[in-house]
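Survey of secondary and tertiary structure
Residues per chain are reported as follows:
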Amino acid sequence: MENKQKKNITDRVWDLFSSVKLAVVIFSIIAATSMVGTVLEQNAEPEKNIKIIMKMLRVGHDTAQGLYGFLAQLGFMDMYHAWWFVTLLLLFAANLIICSIDRLPRVWKLAREPIQAMPPELLEKVSVKRSITLKGSAETIKESVRAGLKEIGFSPAEAAVSHGVQFYAQKGNYSRLGVYITHLSILVILAGAIIGLFFGFNAFLNLPEGEQSSVAYKDRGVELPLGFEIRCDNFEVSYYGQSDMPKAYKSWLSVFKNGKKVLQKSIVVNDPLTYEGVTFYQSSFGIIPGSQGKGIIILKAVSADGKAQNIEAKVGDSFLIPGTQITGRILDFSPAISIDATGRYVSYDEQLKNPAVQVAFSGLKDGNYTGWILKRYPQTWQLPSGDRVELVDYWGVEYTGMQVRKDPGVFIVYLGCIFMSIGLFMSFFMSHKRIWVNVSEEKGGTRVVIGASAHRNRAAFEGRVEKLVGILSSGPKGERK
Amino acid sequence: MNSSVFFGLSSLAYILAMILYIAYLAFKNKTVGVTATALTIAGLLSQTAALLIRWKEFAELGNMGLLRGVPLTNLYESLVFFVWCLILAYLVIEFRYKNRSFGAFITPIAGLVLAFIDISGMSKGIQPLVPALQSNWLLAHVMMSFIAYAMFAVSFSTGLMYLIVTTDDRTDAAYIFWTAMLSVFIIVLAAMGIDYLTFKMSVKGQEELIKSYLFKATFRSGSGFVTVLSFAFSAALFFVIWRFGGIMKKIISGVEISADMLDEITYKSIAMGFPIFTLGGLIFGAIWADQAWGKYWTWDPKETWSLITWFFYAFYLHGRLMRGWKGRKVAMVAVLGFLAVIFTYLGVNLLLSGLHSYGAE
């Protein structure tokens, strides 16, 4: 009490911030407010959240609107970036720093301190103790104690004590620092996040096939210069078998710097392209508005004797199958073909889900032939004459949607993650183990007293001590008491 | 051999084992206990075979190697894997502590999950991987998350048991807490069972389940009378458990489970689960998100709830260091932590939207 009187305000604040109690209070507040943020959709249209409030609380539209206004004022509609939430995170960081500074010196000393021999009478007070009397000379017993300690992973020091000789060793003393490494890692991750916030950007870019761009776009269409140009050479969705289940979204990209091509790579979800610290992630795709009918049909004609040629054409164009007299005229194109109930061919989607061209062939031996060639169905590529026409692509109508990101803080965040893994491993799977073995001669034998302690997971360490006892007892004329 | 046959056999074995474990707790007949253990082991072996077969089928379907083609891509597959982890963790505890009384508290969680799988009629078919899930991180992220969830489930059970054996004053907050928790657990199980018996339906999607079927035979019934009756029954059940909860204490105390042992298992399972969850769930998840979406953290509901769960267990671990919190108070945190786990997994997918929503399909 007396002490408390003398404490000035700085000390009190320090005490508050170094307490575990404040830590759990902050955990609870962050957790509780975060819950609200997962129920209300963040950065959404007001009406969406008003509906959520109406549903959750079973109130009318007006009440919900009022409540929405109140919550929006408090920043709950973008709460993870609201000043008070950021303040909570900073308080959390301050708590971590001060807690650690407050406790670290003591723990550091415990971890650094070399182990000392212990007066034999104090061995009784250690948490794990065993004592055995063995028949055999002290010298042989000492030898087997040395070997036994080595066997269970210790390299002991020796000292003469009041009764006989003592062997002592410690292991895992630095595991006491695991907690602090974990705490530090959280700060490193937060620092990385802040660096990303200030020196990085998040943008998007919808790039039509065949076009290039030197900028990406932030929210509300703000342009962001990239410092190089990126072109979408091609975009394609592939499907599992003949289902409409997408297997991969793939964009072929080229990067140009000062007019020279410096990089070419195809990206899919989970495999982005990075150039000069800017990373492009496959994120969406679609049909360029107003592009219907303007695309280029790419066909591959292969004659019966194996001559192949790529053909670029539009609806209405004609082409010749190489090495033959057969000409094809493209009558129609469908992005997603299907047959309706009456047997007519119809398009069921604007997206290129099942692209097909209708081609009229003339110059075949047994008359003319008109048919649909479907990109995803190889059996439709064969002509009665043995020649083949493949639909390779309908190019120039799709765009690829990409997330564009630059984040110099990611590296630091990852570093923090590595620290955290190491810290947690040290904290939960390692412990500071100490062992003292006293060997003294007695009437008719040699007495061995073992004292041991582990600051965590004592049961497992007891097993090791038990093993040492076993090794010693199974010696030549060992006998346990 | 088809994997579903083995899955069916294992479910049957687990449900029978659950009944026998509860019978063992009540009558302490050794034969019953040994049979329960044998059934659990048989179930685990059968399920292991089923998982391996499904893994092979799955990888072959997508034509993408065993490490990428992991059958942990939808609700059904992940719940089944959770059950596998939980049963394995339980058997380890049974053999380590040479005590099969825990079975009566842990196998019902597996039973509840299996019942949920069946009544929700969720799709059990094998579907190829959508592009977002085609990553090497899938295996590590999902597998480690579920191992951690299983450890947390164990801590939930032992935490609850700890509360049961350390409280007997009916006005004590901790006593009311555990009786309420146990009541909710039983009520949810019973309500889902009644849904199943009433509708015997097959549902296409989770959303449909929540909107049209869940609790429709009881709490959300069209008939006001049934709704009121359901709430009345629930209240009555809670009262009975509250009134006669002391019997539970006698039963558990009678089978040589000490409060210290329960506290130790609770701590140990969280001490295992927490680092695994941090690494596999949060860190690997963040790395994967970074690769797939270009953002390692977006505060989407799944991520946020994982963080909330993480805070709960961080609270537990730090709470043990605080004066006056060790024991009953932190045991309550352990129990609540698992509710956060359930919400992170099921609640977010079923009730909230987010980038992880494909996981619900």
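Computed from a predicted structure; not experimentally measured. (Residues numbered from 1 in each chain as written. Chains lettered and ligands numbered in written order. Predicted model: local features only at pLDDT ≥ 70, side-chain atom pairs only at ≥ 80, totals over all residues. Heavy atoms only, no water.)

**Observations concerning the overall build of chain A**
- A tally of regular secondary structure across chain A gives ten helices and 22 strands.
- Over its C-alpha atoms chain A spans a radius of gyration of 38 Å, topping by over 25% the 23 Å that the globule rule assigns to 481 residues.
- In chain A, the share of contacts with a sequence separation of at least 24, taken over all contacts with a separation of at least 6, comes to 58%.
- Looking at chain A as shown, the accessible area adds up to about 25,300 Å², and 57% of this sits on carbon and sulfur atoms.
- Charge-centre separation for chain A: the mean point of 55 positive side chains lies 11 Å from the mean point of 44 negative side chains. (Helix = DSSP H or I, 4+ residues; strand = E, 2+ residues; numbered from the N terminus. Rg over C-alpha atoms; globule rule 2.2 N^0.38 Å. Contact = heavy atoms within 4.5 Å. Areas by Shrake-Rupley, 256 points an atom, 1.4 Å probe, with all protein chains shown as cover. Lys, Arg positive; Asp, Glu negative; His and termini not counted. Charge placed at Lys NZ, Arg CZ, Asp CG, Glu CD.)

**A few points about the sheet that holds strand β13 (residues 318-320) of chain A**
Residues and elements named next belong to chain A.
- Strand order in the open sheet formed by four strands is β13-β14-β17-β18, and the pairing between neighbours is antiparallel. The open sheet has two edge strands with one neighbour each: β13 and β18 (369-374). Pairs of neighbouring strands in the sheet enclose a mean axial angle of 30 degrees, with direction left out of account.
- In this structure, β13 lies alongside strand β14 (residues 327-334), joined through three bridges in antiparallel fashion. Residue Leu 320 lies in a different strand from β14, and its bridge partner there is Thr 327. (Pairing = 2+ DSSP bridges. Axes fitted to C-alpha atoms, helices over the stretch in contact; angles between N-to-C directions.)

**Let's talk about the pairing of strand β5 (residues 212-217) of chain A**
All names here are of chain A.
- The pairing of β5 with strand β6 (residues 223-239) spans five bridges and is classified as antiparallel. By the bridge assignment for β6, Ser 213 is matched with Ile 230.
- Between β5 and β6, which follow one another and run antiparallel, lie five residues, and Arg 220 among them has a positive phi close to 60 degrees.

**Notes on the nonpolar core**
- Counting residues in each nonpolar core, the largest one holds 157 residues, and the members touching the most others are Phe 82, Leu 86, Phe 102, Phe 152, Phe 274 and Trp 310 of chain B.
- Two domains share this core, each providing at least three of its residues, namely domain 1 (2-109) and domain 3 (188-291 + 399-419) of chain A. (Core = buried A, V, L, I, M, F, W, Y, C linked by side-chain atoms within 4.5 Å. Buried < 20%, exposed > 50% of the residue type's maximum accessible area, 1.4 Å probe, protein only. Domains from an automatic or database assignment.)

**Overview of the domain arrangement of chain A**
- One can read the domain layout of chain A as domain 1 (2-109), domain 2 (114-172 + 431-474), domain 3 (188-291 + 399-419) and domain 4 (296-395).
- The gap between the C-alpha centroids of domain 1 of chain A and domain 2 of chain A is 51 Å.

**Quick notes on the pattern of salt bridges**
- Going through the model one piece at a time under the given rule, you end up with 22 salt bridges over all chains.
- Here Glu 466 of chain A makes a salt bridge to Arg 130 of chain A, at a shortest N to O gap of 2.8 Å. Of this pair, Glu 466 of chain A sits in helix α10 (residues 458-473) while Arg 130 of chain A is found in strand β1 (residues 128-134), placing the two residues 336 residues apart along the sequence.
- For Glu 466 of chain A, a relative accessible area of 30% translates into the label partly exposed.
- The residue Arg 54 of chain B makes a salt bridge to Glu 77 of chain B at a minimum N-O spacing of 2.9 Å. Highlighted residues: Arg 54 of chain B in helix α2 (residues 30-62) and Glu 77 of chain B in helix α4 (residues 75-97), separated in sequence by 23 residues.
- Relative accessible area serves as the criterion here: at 5%, Arg 54 of chain B is assigned to the buried category.
- Overlapping salt bridges, with partners in common, bring together Arg 130, Glu 462 and Glu 466 of chain A in one network. (Salt bridge = Lys/Arg side-chain N within 4 Å of Asp/Glu carboxyl O.)

**Overview of the environment of Leu 67 of chain B**
- Structurally, the position occupied by Leu 67 of chain B is in helix α3 (residues 65-68).
- The exposed category is assigned to Leu 67 of chain B, whose relative accessible area is 59%.

**Quick notes on the packing of helix α6 (residues 83-112) of chain A against helix α8 (residues 178-199) of chain A**
Residues and elements named next belong to chain A.
- Relative to each other, α6 and α8 sit at 150 degrees, their axes nearing to 10 Å. For the element pair α6 / α8, the angle class is roughly antiparallel. When the axes of α6 and α8 are compared, the crossing they make is left-handed. In this structure, α6 uses Leu 89, Phe 92, Ala 93, Leu 96, Ile 97, Ser 100, Arg 103, Leu 104 and Val 107 to contact α8, whose residues at the interface are Tyr 180, His 183, Ile 186, Leu 187 and Leu 190. (Parallel < 35°, antiparallel > 145°, perpendicular 65-115°, else oblique. Left-handed = near helix turned anticlockwise from the far one by under 90°.)

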